[in-house]
Amino acid sequence: MSEAARTLPRDPRPFEATPKLSVRDLVSTRRSTSGERVTAVDGVSFDVHVGEFVCLLGPSGSGKTSILNILAGLDVLTSGSVSLDGAPITGPGPDRAVLFQEPALFPWLSVVANIELALRLIGVGTAERGARARHWLENVGLSGFANVQPHELSAGMRQRAQLARALACDPDVVLGDEPFGALDAQARELLQDEVQRVWAEHEGRPKTFLFVTHNVREAALLADRILVLSAAPGHLIEEIRIDAAHPRQLDDVLVARVVTDVHELLMREVDKAGPS
Amino acid sequence: MRKAVRELGPPLVGIAGLILVWWIAAALTSSPALPTPATVWSAFLRGMRDGTIPEAAFKTLIRLLFSFAMAIALGTLIGVGLALNEFARRSIRPLIVALQITPFIAWLPLAVVWFGATERAVVFVTIVGAFPSMTLATMSAMRQVPPLLRRAGRTLGAESWELYRFVIFPAALPGYVGGLQQAWGFAWKALMAAELIVVAAGRVGLGQLLARSQDDVPTLLAALGVIVVIGVLVDYLIFNRLDRRIRRRRGLLIEG
């Protein structure tokens, strides 16, 4: 696919002034097990525009998962604001699909039934559910595994199934909490290709992706924009725009350069945080 | 066939060994207090022919079914309530735990005072014996649902009641079935104990048959055997199978 073929906006356009996701002065504190207040996110602001792919990158403890959970509506913020299409986020909803690191498939349902349940929950009629579920299974290369139980799949296939379940519901936003973090290198690469493809095809509504990761290469491969978070308490230290066409390969010159730059930046951050 | 041999072989060997030891002991003592397996078997056949054993077993099973159903209903209802509400949990759970720890048979004298030496007293003790464990199992099964599944359900758009219907109840099923199995054991024990003591109650159940057969040891042992077999069969054929099926489906069963 050529650069010109990408119709997704790289910059907020006047008629799309409202960002898809907006985070303003976000602060999140939580009580640690020993009872002290720990600041996980310390005043973070950023926007994600319609159709954009953004990666939140940071060392562990930088609060990136907290930010994602707040955007998902699963956790509450301490101060600041988060909004979707300009409206404050007050809880979870099917407009924001979440890819969890550990694929959260329901173990009592077959793979296809997992997707059908998700469709049922957003009000898709009985007749349409089966076809739509199978379509998405096919799309992620799992058509032969529709009636298999999740535990019979490999870790990579479970992640695919989770991706299919998320996309079948045609969400506006896909939030990924290190969704490929626990996979082996081959499975991760396949999934990264898969995600690039479905994002670029944006079947249904244009999808906005926000992935949390500590994997620099993954971020450079997937993201239009990388937001780098500091060591705890997390705040934004860098924003890197990557103007390379998708699908990208890890050995693309631009991708490789971004990886080197960001890696250095992160190493300095980890050093600053000291031994943990 | 092979699978049946592998599965049933070892327990059958165990039973055969028990009968052998019993037979030798009976032959050595030759006392009326320990009849041989053959004598007990003919007492069993006699009891089957004249209808005492089937009638007693039927009566017992009716009582059991009713009490067990009540215990399940009560335990499920209270258990779900305790899982949902923290105040209820903190105020009522200790009482249920106390009930669970108290030997159920200790309630029998009170039950007799309240209901007389009747059917109702027997049923009361059986319910009190079984429902606390059902309650606690239901509560823990719901509370142990992995937070990840709840969160996944919520992000998929499941709200309040839907979250329970499609996520929390199905996720809690293995623990709930474990609770059923345990409650079945308690109900069976409580019912036998109550029947043994409340001899006057209505028609004769297996427990009462035991109590009446103290001067007829072969019949006593035959009735005891029937009690053992019913308990084991229900546990194995219904609850154990159900449990294995559910666990296998979810990949929770370690085979072998």
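Please refer to the structure placed before this passage.
Read on for an overview of the structure. Source: prediction; values computed, not measured. Position labels on residues start from 1 in each chain and follow its written sequence. Here every chain gets a letter starting at A, and every ligand a number starting at 1, in the order they are written. With pLDDT at 70 or above as the cut-off, local features in this predicted model cover only qualifying residues; side-chain atom pairs require 80 or more to be listed or tallied, and sums for whole chains, interfaces and linings still use all residues.

All names here are of chain A. Strands pair, by our definition, only if DSSP identifies at least two bridges between them. Put simply, DSSP marks the helices as runs of H or I at least four residues long and the strands as runs of E at least two long, and each gets a number from the N terminus on. Where strand β1 (residues 21-31) and strand β2 (residues 37-48) come together, nine bridges link them in antiparallel fashion. Residue pairing across strands places Ser22 opposite Asp47, the latter belonging to β2. The loop that links β1 with its antiparallel partner β2 comprises five residues; one of these, Gly35, has a positive phi angle of about 100 degrees. As judged from the five bridges shared by β1 and strand β4 (residues 79-84), these two strands associate in the antiparallel manner. Among the inter-strand pairings, Ser22 is bridged to a residue of β4, identified as Ser83.

On to the interface of chain B and chain A. At the interface, 17 residues of chain B touch 20 residues of chain A. If you list the elements that add at least two residues to the side of chain B that touches chain A, you get α7 (147-155), α8 (160-197) and α10 (217-250) of chain B. Looking at which element gives the most residues to the side of chain B that touches chain A, the answer is α7(B), with six residues. Classification used: nonpolar for Ala, Val, Leu, Ile, Met, Phe, Trp, Tyr, Cys and Pro, charged for Asp, Glu, Lys and Arg, polar for all others including Gly. Looking at the side of chain B that touches chain A residue by residue, the classes come out as nine nonpolar, three polar and five charged. Whether two residues are in contact is decided by their C-beta atoms, placed from the backbone, lying within 7 Å.

This part is about the environment of B:Val122. You can see B:Val122 is positioned in helix α6 (residues 119-143). Residues B:Val122 and B:Asp215, 93 residues apart in the sequence, show an inter-C-alpha distance of 24 Å.

This part covers the environment of B:Arg154. If you trace the backbone, B:Arg154 turns up in helix α7. Between the buried cut of 20 or more and the exposed cut of 12 or fewer other C-beta atoms within 10 Å of a residue's own C-beta lies the partly exposed class, and all C-beta atoms are placed from the backbone. Judged by the 22 C-beta atoms lying within 10 Å of it, B:Arg154 falls in the buried class. Separated by 124 residues in sequence, B:Arg154 and B:Ser30 place their C-alpha atoms 70 Å apart. Apart from residues lying up to four places away in sequence, B:Arg154 is in contact with A:Leu74, A:Pro92 and B:Leu163.

Residue and element names in this part refer to chain A. Reading across from one edge, β2-β1-β4-β5 is the order of the four strands in this open sheet, with antiparallel pairing throughout. In this open sheet, the two edge strands, each paired with only one partner strand, are β2 and β5 (87-88). In this fold helix α1 (residues 64-72) packs onto β1, β2 and β4, with an angle of close to 115 degrees to the strand it touches most, β1. For helices, the axis comes from a line fit to the C-alpha atoms of the stretch in contact; other axes are also lines fit to C-alpha atoms, and the angle between any two N-to-C directions lies between 0 and 180 degrees.

It is worth spelling out the sheet that holds strand β6 (residues 96-99) of chain A at this point. Residues and elements named next belong to chain A. Here we have six strands laid out as an open sheet, ordered β6-β7-β8-β3-β9-β10, and mixed in their pairing. At either end of the open sheet lies a strand with only one pairing partner, and these are β6 and β10 (236-241). Direction aside, neighbouring strands of the sheet carry axes that sit 15 degrees apart on average. Bridge count for strand β9 (residues 225-229) against β10 is five bridges, and the pairing is antiparallel.

Our next topic: helix α4 (residues 155-168) of chain A. Expected helix span is computed as 1.5 Å times (number of residues minus one). Across its 14 residues, α4(A) extends 20 Å between first and last C-alpha, which sits within 8% of the 20 Å expected from 1.5 Å per residue. Most of α4(A) is tucked away: 13 of the 14 residues are buried.

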